[in-house]
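Here is what each chain is made of, one letter per residue.
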Amino acid sequence: MLPGAGMNPKQLKQMQRAMKQMGMDMKDVKGVTEVIIKFKNKELVITNPKVNRMNFMGQDTYQISGKTKEREVEAELVIPDDDVDLVATQTGVSQDEARKALEETGGDLAEAIMRLS
(Lines give C-alpha, C1' and ligand atoms only; values in the text may rest on other atoms or scores of the structure.)
Protein backbone atom coordinates (compact mmCIF):
# COMPACT_ATOMS: atom_id res chain seq x y z
CA MET A 1 0.00 0.00 0.00
CA LEU A 2 1.43 3.33 -1.02
CA PRO A 3 0.58 5.97 1.56
CA GLY A 4 -1.32 8.75 -0.10
CA ALA A 5 -1.88 6.91 -3.37
CA GLY A 6 -5.23 8.06 -4.72
CA MET A 7 -6.18 9.95 -1.54
CA ASN A 8 -7.23 13.53 -1.19
CA PRO A 9 -5.21 15.63 1.28
CA LYS A 10 -7.85 15.29 4.01
CA GLN A 11 -7.86 11.46 3.79
CA LEU A 12 -4.04 11.42 3.77
CA LYS A 13 -3.89 13.55 6.92
CA GLN A 14 -6.40 11.25 8.64
CA MET A 15 -4.40 8.18 7.68
CA GLN A 16 -1.17 9.74 8.95
CA ARG A 17 -2.87 10.64 12.26
CA ALA A 18 -4.21 7.08 12.64
CA MET A 19 -0.77 5.61 11.92
CA LYS A 20 0.81 7.89 14.51
CA GLN A 21 -1.80 6.88 17.14
CA MET A 22 -0.97 3.19 16.50
CA GLY A 23 2.74 3.89 16.96
CA MET A 24 3.57 3.53 13.27
CA ASP A 25 6.24 5.74 11.75
CA MET A 26 6.69 5.88 7.97
CA LYS A 27 9.41 7.81 6.17
CA ASP A 28 10.86 7.99 2.66
CA VAL A 29 14.43 6.70 2.40
CA LYS A 30 16.32 9.25 0.30
CA GLY A 31 19.34 8.68 -1.93
CA VAL A 32 18.74 5.02 -2.81
CA THR A 33 19.96 4.31 -6.36
CA GLU A 34 19.60 0.53 -6.49
CA VAL A 35 18.15 -2.34 -4.45
CA ILE A 36 19.39 -5.91 -4.98
CA ILE A 37 17.55 -8.99 -3.72
CA LYS A 38 19.85 -12.02 -3.86
CA PHE A 39 18.74 -15.61 -4.45
CA LYS A 40 20.95 -18.71 -4.82
CA ASN A 41 21.26 -18.46 -8.59
CA LYS A 42 19.83 -15.05 -9.51
CA GLU A 43 19.50 -11.46 -8.38
CA LEU A 44 16.56 -9.11 -8.67
CA VAL A 45 17.82 -5.58 -9.31
CA ILE A 46 15.49 -2.64 -8.73
CA THR A 47 16.83 0.54 -10.30
CA ASN A 48 15.86 4.07 -9.29
CA PRO A 49 13.64 2.71 -6.51
CA LYS A 50 11.26 4.63 -4.29
CA VAL A 51 11.87 3.23 -0.82
CA ASN A 52 9.71 3.77 2.26
CA ARG A 53 10.61 2.58 5.75
CA MET A 54 7.86 1.85 8.21
CA ASN A 55 8.59 1.22 11.87
CA PHE A 56 5.87 -0.49 13.86
CA MET A 57 6.53 -1.77 17.38
CA GLY A 58 10.29 -1.73 16.84
CA GLN A 59 10.13 -3.74 13.59
CA ASP A 60 11.34 -2.09 10.36
CA THR A 61 9.49 -2.91 7.15
CA TYR A 62 10.63 -1.61 3.77
CA GLN A 63 8.40 -0.95 0.80
CA ILE A 64 10.24 -0.77 -2.53
CA SER A 65 8.81 0.15 -5.89
CA GLY A 66 10.63 0.64 -9.18
CA LYS A 67 11.69 -1.02 -12.39
CA THR A 68 13.02 -4.55 -11.83
CA LYS A 69 15.50 -6.57 -13.82
CA GLU A 70 16.53 -10.17 -13.17
CA ARG A 71 20.10 -11.34 -13.68
CA GLU A 72 21.62 -14.79 -13.38
CA VAL A 73 24.49 -15.35 -10.97
CA GLU A 74 26.99 -18.15 -11.21
CA ALA A 75 27.40 -19.95 -7.92
CA GLU A 76 30.93 -19.69 -6.59
CA LEU A 77 32.55 -23.09 -6.17
CA VAL A 78 33.98 -23.49 -2.67
CA ILE A 79 36.45 -26.33 -2.34
CA PRO A 80 37.31 -27.32 1.23
CA ASP A 81 40.99 -27.63 2.12
CA ASP A 82 40.30 -31.19 3.36
CA ASP A 83 39.25 -32.17 -0.19
CA VAL A 84 42.42 -30.63 -1.63
CA ASP A 85 44.54 -32.52 0.94
CA LEU A 86 42.78 -35.79 0.16
CA VAL A 87 43.30 -35.47 -3.61
CA ALA A 88 46.92 -34.38 -3.17
CA THR A 89 47.64 -37.30 -0.81
CA GLN A 90 45.90 -39.90 -2.97
CA THR A 91 47.63 -38.82 -6.19
CA GLY A 92 50.98 -37.54 -4.94
CA VAL A 93 50.60 -34.11 -6.59
CA SER A 94 50.98 -30.63 -5.12
CA GLN A 95 48.16 -28.78 -3.36
CA ASP A 96 47.87 -26.36 -6.29
CA GLU A 97 47.52 -29.17 -8.83
CA ALA A 98 44.94 -30.90 -6.63
CA ARG A 99 42.93 -27.68 -6.25
CA LYS A 100 43.04 -27.05 -10.01
CA ALA A 101 41.78 -30.59 -10.73
CA LEU A 102 38.94 -30.14 -8.21
CA GLU A 103 37.96 -26.82 -9.80
CA GLU A 104 37.95 -28.40 -13.27
CA THR A 105 35.70 -31.24 -12.07
CA GLY A 106 33.31 -29.03 -10.14
CA GLY A 107 34.53 -30.37 -6.79
CA ASP A 108 34.07 -34.07 -7.70
CA LEU A 109 36.70 -35.90 -5.62
CA ALA A 110 36.64 -39.19 -7.52
CA GLU A 111 36.85 -37.50 -10.92
CA ALA A 112 39.74 -35.28 -9.77
CA ILE A 113 41.68 -38.30 -8.42
CA MET A 114 41.07 -40.27 -11.63
CA ARG A 115 42.32 -37.38 -13.78
CA LEU A 116 45.51 -37.02 -11.77
CA SER A 117 46.27 -40.74 -11.47
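About the criteria used
- Residues numbered from 1 in each chain as written.
- Predicted model: local features only at pLDDT ≥ 70, side-chain atom pairs only at ≥ 80, totals over all residues.
- Heavy atoms only, no water.
- Helix = DSSP H or I, 4+ residues; strand = E, 2+ residues; numbered from the N terminus.
- Buried < 20%, exposed > 50% of the residue type's maximum accessible area, 1.4 Å probe, protein only.
- Contact = heavy atoms within 4.5 Å.
- Arc of directions from axis to C-beta.
- Core = buried A, V, L, I, M, F, W, Y, C linked by side-chain atoms within 4.5 Å.
- Pairing = 2+ DSSP bridges.
- Salt bridge = Lys/Arg side-chain N within 4 Å of Asp/Glu carboxyl O.
- Axes fitted to C-alpha atoms, helices over the stretch in contact; angles between N-to-C directions.
- Parallel < 35°, antiparallel > 145°, perpendicular 65-115°, else oblique.
- Left-handed = near helix turned anticlockwise from the far one by under 90°.
- Polar contact = N/O pair within 3.5 Å; in protein donor to acceptor, adjacent residues only side chain to side chain.

Asker: Outline the environment of Asp25, listing residues and values.
Answerer: Looking at where Asp25 falls in the secondary structure, it is placed in strand β1 (residues 24–29). Judged by its relative accessible area of 30%, Asp25 is partly exposed. Along the sequence, Asp25 and Ile113 sit 88 residues apart, while their C-alpha atoms lie 60 Å from each other. In contact with Asp25, other than residues within four places in its own chain, are Arg53, Met54 and Asn55.

Asker: Break down helix α3 (residues 95–104) for me, with residues and values.
Answerer: Every buried residue belonging to α3 is among Ala98, Ala101 and Leu102, and all of these are buried. Axial view of α3: buried residues confined to an arc of 100°, hence all on one face. Facing away from the buried side of α3 by more than 90 degrees, the exposed set consists of Asp96 and Lys100. Where α3 is buried, its residues meet α2 (81–91) and α4 (109–116). At the exit of α3 stands Gly106, carrying a positive phi of roughly 70°.

Asker: How would you summarise the nonpolar core if you had to cite specific residues and measurements?
Answerer: Side chains of nonpolar character tend, in soluble globular proteins, to be buried together. Of all hydrophobic cores here, the largest spans eight residues; its members are Ile79, Val84, Val87, Ala88, Ala98, Ala101, Leu102 and Ala112. Apart from the residues within four sequence positions on either side, Val84 is in contact with Ile79, Gln95, Ala98, Arg99 and Leu102.

Asker: Tell me about the pairing of strand β2 (residues 34–38), and name the residues and values.
Answerer: Of the pairings in the sheet, the one linking β2 to strand β3 (residues 42–56) comprises five bridges and is antiparallel in character. The residue bridging Lys38 from the neighbouring strand is Glu43, located in β3. What sits between the antiparallel neighbours β2 and β3 is a turn of three residues.

Asker: Report on the pattern of salt bridges, specifying residues and quantitative values.
Answerer: Evaluated as defined, the whole model comprises eleven salt bridges. A salt bridge links Lys30 to Asp28, with the nearest nitrogen and oxygen atoms 3.8 Å apart. Residue classification places Lys30 among the exposed residues on the basis of a relative accessible area of 69%. With relative accessibility at 42%, the residue Asp28 sits in the partly exposed group. Taking the shortest distance from any N to any O, the salt bridge between Arg53 and Asp60 comes out at 3.1 Å.

Asker: Would you mind going over the packing of α3 against α4 in detail, with residue names and values included?
Answerer: One can describe the packing of α3 onto α4 by two numbers: an axis separation of 9 Å at closest approach and a directional angle of 125°. Classified by the angle between their axes, α3 and α4 sit oblique to one another. Once α3 is placed against α4, the crossing between them reads as right-handed. In this structure, α3 contributes Glu97, Ala98, Ala101, Leu102 and Glu104 to the contact, and α4 contributes Leu109, Ala112, Arg115 and Leu116.

Asker: I'd like a description of the environment of Glu43, backed by residues and values.
Answerer: Of note, Glu43 is situated in strand β3. The spacing of Glu43 and Met57 is 14 residues in sequence and 30 Å in space, taken between C-alpha atoms. At 2.7 Å, the side chain of Glu43 forms a polar contact with the side chain of Arg71.

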